[in-house]
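Residues per chain are reported as follows:
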Amino acid sequence: MQKQIVPDIVRQHVEQAAFLWAQRDMLAAEEPPDEKVIADVDRRLEANLDALRIAGPAAWPFIIAAYEDFPEKGELFLYGWVAIEQTDGRRILQAVELARTREDEARGLVGALAWHEAKTIGPLVRNWIASKDEFKRYLAVAACLNHGVDPKDLLVRLIRDPDVRVRATSLRLAGKLKRADLVREIVAALESQDEPVRLWSAWTLNELGFAALAQPELQKQVLANGPDALTALRAIVKIGPDKDVRAWMGGLLKSPDTAPLAVRGAGMLGDRTVLNWLIHQMRNPALAVAAGGALLELFPEARDADLFTLDPAEIGQAFEEYFGDFGPNVPVADRVMAWGSAAALLG
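Residues numbered from 1 in each chain as written. Predicted model: local features only at pLDDT ≥ 70, side-chain atom pairs only at ≥ 80, totals over all residues. Heavy atoms only, no water.

Caption draft 1: View of the overall build of the protein. For the protein, the helix and strand inventory stands at 20 helices and two strands. At 23 Å, the protein has a C-alpha radius of gyration in line with the 20 Å of a compact globule built from 347 residues. Overall, the C-alpha framework of the protein stretches about 70 × 55 × 30 Å when taken along its three principal axes. Taking all 347 residues of the protein together, the buried fraction comes to 48%. Considering only contacts within the protein whose residues lie at least 6 apart along the sequence, 63% involve residues at least 24 apart. Of the roughly 17300 Å² of accessible surface on the protein, 53% is carried by carbon and sulfur atoms. In the protein, 40 side chains carry a positive charge and 50 a negative one; their mean positions are 7 Å apart. (Helix = DSSP H or I, 4+ residues; strand = E, 2+ residues; numbered from the N terminus. Rg over C-alpha atoms; globule rule 2.2 N^0.38 Å. Buried < 20%, exposed > 50% of the residue type's maximum accessible area, 1.4 Å probe, protein only. Contact = heavy atoms within 4.5 Å. Areas by Shrake-Rupley, 256 points an atom, 1.4 Å probe, with all protein chains shown as cover. Lys, Arg positive; Asp, Glu negative; His and termini not counted. Charge placed at Lys NZ, Arg CZ, Asp CG, Glu CD.)

Below, the structure written as structure tokens:
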């Protein structure tokens, strides 16, 4: 017998769950992420998912309608999560097909696999990881990465996989698991024509202690200023020594294309004496966002102060012209200076 539900209430839980996961995904991608805010979103998300557990299969008309009306990552997360929660094989396959055509690395479905416990998705992952379907292999490796699960001997084959996403994700997994036995395969991946494969090969080599092999490719990734430049930069900072990293960042600062990376990298070095310098960078619209990220990494307590604005006009005409009417969350240099002085953080 199907459970009796209140349609409007179930609809609200569906909409809230999809929205909250999308919000969580966006927050987690920030540099640096606000773990406190993410934890709060997680609690609210879980409460809505719990309500959908109670609703059971009766929630499906609302989940399907939500995806049809707004086929975005949050709605896909919910579709996949409920399908897995209910062990509904038909719906799981539907979620896979919905995810297959997306251009965002199927973040919603990968997120659903990550939200469930490893033992819950284990049968799916074991089936998909050896599949002839490259997309299912990618989903399986991404699930292993999120849960820190070692596919053992299969990882060698996955690092050689013909699919770029599978190879890159497998290399990243090897680094997370510290699979030093795969160094030869990882070094070979440095010669790949595919940038994501080279990036995660270099990152993993660095994690395994082969910094000299990793550094040239990591530096190329930073200089290219692609979507993973900050990942590469953080790995370079980890290589050290601090003096050499600072000198290299000084070179980045000389070019308008890479100067924001140098400013953001200052926050990765852990030196809180650079606050005055960061405030100076905040007065430049092109560097302000990077300076704000560095500030939050060096001074997590700054999150609790009113130091940022979403209204560029509040800072001045130069910021308004640079960002337009609606800008990112930008630090207000004068507020940061007053806050730093009050807290005796300025030298």
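Caption draft 2: Fine view of the side chain of serine 192. Turning to its location among the elements, serine 192 is positioned in the loop between α11 (183-189) and α12 (195-207). The exposure class of serine 192 is buried, given its relative accessible area of 16%. In this structure the side chain of serine 192 is engaged in a polar contact, spanning 2.9 Å, whose partner is the backbone nitrogen of aspartate 194. Look past the residues within four positions of serine 192 in its chain and what remains in contact with it is Arg167, Val197 and Arg198. (Polar contact = N/O pair within 3.5 Å; in protein donor to acceptor, adjacent residues only side chain to side chain.)

Caption draft 3: Layout of the packing of helix α15 (residues 242-253) against helix α16 (residues 259-268). For the pair α15 and α16, interaxial distance at closest approach is 7 Å and the crossing angle is 145°. The crossing of α15 and α16 is left-handed. Mapping the contact onto sequence places Met249, Leu252 and Leu253 in α15 and Ala259, Ala262, Val263, Gly265 and Ala266 in α16. (Axes fitted to C-alpha atoms, helices over the stretch in contact; angles between N-to-C directions. Left-handed = near helix turned anticlockwise from the far one by under 90°.)

Caption draft 4: Highlighting helix α7 (residues 118-128). Taken residue by residue, α7 has Ile121, Gly122, Leu124, Val125 and Trp128 as its buried positions. Along its buried surface, α7 packs onto α4 (73-85), α5 (89-100), α6 (107-115) and α8 (134-147).

Caption draft 5: Main features of the environment of arginine 184. With respect to the helices and strands, arginine 184 occurs in helix α11. Considering only alpha carbons, one finds arginine 184 and aspartate 40, 144 residues apart in sequence, at a separation of 43 Å.

Caption draft 6: How the structure looks around the packing of aromatic side chains. Counting across every chain of the model gives nine aromatic pairs. On the numbers, 5.0 Å between centres and 70° between planes, the contact of tryptophan 60 with tyrosine 79 is edge-to-face. Here tyrosine 79 lies in helix α4 and tryptophan 60 lies in helix α3 (residues 60-69), a separation of 19 residues in the sequence. The pair formed by tryptophan 60 and tyrosine 79 is uniform in burial state, with each residue classed as buried. Arranged with centres 6.3 Å apart and planes meeting at 35°, the rings of phenylalanine 135 and tyrosine 138 form a pair that is tilted. Of this pair, phenylalanine 135 and tyrosine 138 both sit in helix α8, three residues apart, which is roughly one turn of that helix. Pair check on accessibility: phenylalanine 135 and tyrosine 138 agree, each one buried. When the ring centre of tryptophan 60 is taken as reference, the NZ or CZ atom of arginine 91 above it lies at 4.6 Å. When the ring centre of tyrosine 138 is taken as reference, the NZ or CZ atom of arginine 165 above it lies at 4.7 Å. (Phe/Tyr/Trp six-rings, centres within 6.5 Å; stacked < 30°, edge-to-face > 60°. Lys NZ or Arg CZ within 6 Å of the ring centre and 35° of its normal.)

Caption draft 7: Spotlight on helix α1 (residues 7-28). Taking 1.5 Å per residue, 22 residues should reach 32 Å; α1 reaches 32 Å between its end C-alpha atoms and fits that length. Of the positions making up α1, those classed as buried are Val10, Val14, Ala17, Ala18, Leu20, Trp21, Asp25 and Leu27. Taken together, the buried residues of α1 touch α2 (35-55), α3, α4 and α6. (Expected span 1.5 Å × (residues − 1).)

Caption draft 8: Layout of unusual backbone geometry. A cis amide bond, omega 0°, links glutamate 31 with the succeeding residue proline 32. The residue after glycine 240, namely proline 241, is reached through a cis peptide bond having omega -5°. Within the secondary structure, proline 241 is located in the loop between α14 (229-239) and α15. Phi at threonine 87 is positive, roughly 50°, even though this residue is not glycine. Of note, threonine 87 is situated in the loop between α4 and α5. We classify threonine 87 as exposed; its relative accessible area is 67%. Backbone geometry at glutamate 105 places phi at a positive 60°, although glycine is not the residue there. Here glutamate 105 is to be found in the loop between α5 and α6. Taking relative accessible area as the criterion, glutamate 105 reaches 38% and is therefore assigned partly exposed.

Caption draft 9: Structural view of the environment of alanine 302. As for its placement among the helices and strands, alanine 302 is situated in the loop between α18 (285-298) and β1 (308-309). Sequence separation of alanine 302 and glycine 56 is 246 residues, and the distance between their C-alpha atoms is 43 Å. When sequence neighbours within four positions are dropped, the list of residues in contact with alanine 302 reads Leu295, Leu296, Leu307 and Trp339.

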